[in-house]
Amino acid sequence: MKKVIVFTTGGTIAMKYDEARGGLVPAVSGEDLAAAVPGLGSLARVEVREFSNVASCNMSPQKMFELSLQIESALADSEVAGAVITHGTDTLEETAYFLDLLHGSDKPVCVVGAMRGASDTSPDGPANIYCAVQTAASENARGKGVLVVLNNVIHAAGQVRKTHSANCATFESPWWGPLGYCDQDRVIFRRAPVGRQVFHPRALTARVDLIPAQTGLGPEYIDFALSRGCQGIVIEGYGRGNIPPALEDGIARAAAQGVAVVIATRAFAGRPYETYAYPGSVGDSKKHGAVRGGEASGAKTRLKLMIVLSERPELARDPAALEKVMDS
Ligand code: ASP
């Protein structure tokens with residue numbers, strides 16, 4: 001029987017209602033999480049490793065990097081078929097994408113969470129863990145990178161978004177749709193992720209800040225980011241990546257200091273592009289020293305830029321080469 005390692009990090013999936021505090025709080029150990037899933041032992045030999053037990057607002061890029069090291073070292077064991085990561089859904093898509101960018105092996109890594117706590121009348125955690133282990137142990141899931149598995153549906157880490165604050169069907173891949181689904185007897189894929197990129201930074205050294213475009217905004221957040229000593233800034237623009245024109249001076253100051261500025265879009269899909277030539281357009285931002293990112297959200301683009309600049313810091317001063325990596 002295949003062996004699957006389950007890394008637990010926390011999230012609603014491991015929370016219970018606390019009478020005194022009046023809400024859900026971390027309460028369930030990794031072992032107890034797995035023990036609450038009927039039939040798990042028939043899917044795989046499951047070994048649980050508790051990485052943390054926190055709400056996912058406590059996740060940080062450094063913790064994601066540490067988690068990735070632990071996952072990749074577990075997968076190096078020839079006995080291990082795949083890994084499952086339990087995680088809070090709030091930042092799940094960020095951790096999944098971060099892990100995907102560092103995941104070079106063919107073995108499946110499935111990130112899973114739950115929208116209802118373990119003490120809820122009808123918790124979704126046990127069924128979600130079941131599906132995640134089923135997917136991690138499936139031959140069909142090999143070579144597809146890091147997958148997000150919730151509500152019986154399987155998504156690519158690079159395309160998935162949390163779309164509803166409370167509904168169990170919250171995870172969607174806008175415009176692309178899921179890769180597949182878990183059925184009772186097997187895992188079924190109908191497409192595979194295309195164009196994944198894998199990086200190999202030795203450590204996560206680059207600091208990158210994310211600034212969402214806001215109507216009427218000036219360059220002050222860019223100047224603040226520069227004052228904090230960041231190596232990169234991602235600006236999440238509108239539509240094709242357009243931003244308030246007053247940010248352009250800040251972009252020029254960042255570029256002059258060798259700080260990479262990448263434009264993303266807040267649209268659910270599509271790329272930023274130099275379609276326009278007015279002040280604040282991507283064409284204008286590029287003239288001031290920015291480069292465009294690809295289809296990833298601002299939050300995901302920030303993590304990617306951290307990884308890219310950690311591996312190749314010289315790209316901060318090479319806009320053409322940086323754009324090639326970021327927009328692919
Ligand atoms: N607030 C929770 C978290 O991200 C939400 C969840 O797990 O569903 O930790």
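Everything below is about the structure printed above this text.
What counts, and at which threshold
- Residues numbered from 1 in each chain as written.
- Predicted model: local features only at pLDDT ≥ 70, side-chain atom pairs only at ≥ 80, totals over all residues.
- Heavy atoms only, no water.
- Helix = DSSP H or I, 4+ residues; strand = E, 2+ residues; numbered from the N terminus.
- Expected span 1.5 Å × (residues − 1).
- Buried < 20%, exposed > 50% of the residue type's maximum accessible area, 1.4 Å probe, protein only.
- Polar contact = N/O pair within 3.5 Å; in protein donor to acceptor, adjacent residues only side chain to side chain.
- Near = heavy atom within 4 Å.
- Areas by Shrake-Rupley, 256 points an atom, 1.4 Å probe, with all protein chains shown as cover.
- Nonpolar A, V, L, I, M, F, W, Y, C, P; charged D, E, K, R; others polar.
- Patch = residues over 30% accessible without salt bridge, like charges linked within 9 Å, V, L, I, M, F, W, Y side chains within 5 Å.
- Salt bridge = Lys/Arg side-chain N within 4 Å of Asp/Glu carboxyl O.
- Right-handed = clockwise from strand over helix to strand, strands pointing away.
- Pairing = 2+ DSSP bridges.
- Contact = heavy atoms within 4.5 Å.
- Phe/Tyr/Trp six-rings, centres within 6.5 Å; stacked < 30°, edge-to-face > 60°.
- Lys NZ or Arg CZ within 6 Å of the ring centre and 35° of its normal.
- Axes fitted to C-alpha atoms, helices over the stretch in contact; angles between N-to-C directions.

Looking now at helix H4 (residues 125-136). Over its 12 residues, H4 runs 16 Å from end to end, which matches the ideal 16 Å to within 8%, given 1.5 Å per residue. Among the 12 residues of H4, 9 are classified as buried, and the element is accordingly described as predominantly covered. Considered for burial, the residues of H4 that qualify are Gly125, Asn128, Ile129, Cys131, Ala132, Val133, Gln134, Thr135 and Ala136.

Moving on: the side chain of His87. Topologically, His87 is positioned in the loop between strand S5 (80-86) and helix H3 (92-101). Judged by its relative accessible area of 0%, His87 is buried. Within the structure, the side chain of His87 is placed 2.8 Å from the side chain of Thr95, a separation counted as a polar contact.

Moving on to the site of the ligand. Every residue lining the ligand is accounted for by Gly11, Thr12, Ala55, Ser56, Gly88, Thr89, Asp90 and Ala114. Thr89 places a side-chain nitrogen or oxygen 2.5 Å from an oxygen atom of the ligand. Within the side chain of Asp90, an N or O atom sits 2.9 Å from a nitrogen atom of the ligand. Here the ligand has 260 Å² of accessible area as a free molecule, and 87% of this is covered by the chains. Taken together, the residues that form the shell around the ligand break down as 2 nonpolar, 5 polar and 1 charged.

Turning our attention to a nonpolar patch on the surface. Together, Trp175, Trp176 and Phe268 line one region of the surface with nonpolar side chains, adding up to about 450 Å² of accessible area. In this fold, Phe268 is placed in the loop between strand S15 (260-265) and helix H7 (282-287).

Now for the pairing of S15. Most of S15 sits out of view: 6 of its 6 residues are buried. Every second residue of S15 is oriented toward a common face, with Ala260, Val262 and Ala264 on one face and Val261, Ile263 and Thr265 on the other, all of them buried. In this fold, the crossover linking strand S14 (residues 232-237) to S15 by way of helix H6 (residues 248-256) has right-handed handedness. Note: S15 against strand S16 (residues 291-292), 2 bridges, orientation parallel. Paired with Val262 across the bridge in S16 is Val291. Taking the sense of rotation as the criterion, the β-α-β connection linking S15, H7 and S16 turns out right-handed.

Turning our eyes to something else, we now look at the pattern of salt bridges. Side chains that carry opposite charge are capable of pairing whenever their charged atoms lie near each other. Overall, the coordinates contain 18 salt bridges when judged by the stated rule. For Asp100, the salt bridge identified is with Arg196, shortest N-O distance 2.9 Å. Pair noted here: Asp100 is in helix H3 and Arg196 is in the loop between strand S12 (187-189) and strand S13 (208-212), with a separation of 96 residues, a long-range link. A relative accessible area of 5% places Asp100 in the buried class. In this structure Arg196 comes out as partly exposed when scored by relative accessible area, which is 28%. Sharing partners across several salt bridges, the network here consists of Arg271, Glu274, Lys286, Arg292, Glu323 and Asp327.

Attention shifts here to the environment of Ala277. On the secondary structure map, Ala277 appears in the loop between S15 and H7. Considering only alpha carbons, one finds Ala277 and Val28, 249 residues apart in sequence, at a separation of 54 Å.

Take the side chain of Thr86 next. Note that Thr86 resides in strand S5. When sequence neighbours within four positions are dropped, the list of residues in contact with Thr86 reads Val6, Phe7, Thr8, Thr9, Gly10, Ile13, Leu33, Val112 and Ile129.

Here we take up the packing of aromatic side chains. All told, the structure shown has 1 aromatic pair when counted by the stated rule. With centroids separated by 5.2 Å and ring planes inclined at 35 degrees, the aromatic side chains of Tyr276 and Tyr278 adopt a geometry described as tilted. Given the relative accessible area of 37%, Tyr276 is considered partly exposed. Its guanidinium or amino end placed over the ring of Phe189, Lys144 lies 4.6 Å from that ring's centre, counting from NZ or CZ.

Strands sit in the order S4-S1-S5-S6-S7-S8-S11-S12 across an open sheet of 8 strands; the sheet is mixed. Two strands lie at the open edges of the sheet, namely strand S4 (45-50) and S12, each paired on one side alone. Sheet twist, expressed as the average angle between the axes of neighbouring strands with direction ignored, equals 25 degrees. In terms of strand pairing, strand S7 (residues 146-150) meets strand S8 (residues 153-156) through 4 bridges, oriented antiparallel. Within S8, the residue paired with Leu150 across the bridge is Val153. Against the sheet, helix H2 (residues 61-75) touches strand S1 (3-8), S4, S5 and strand S6 (109-112), its axis set at about 155 degrees to S5. Packing against the sheet, H4 makes contact with S1, S4, S5, S6, S7, S8, strand S11 (180-182) and S12, and its axis sits at approximately 150 degrees to S5.

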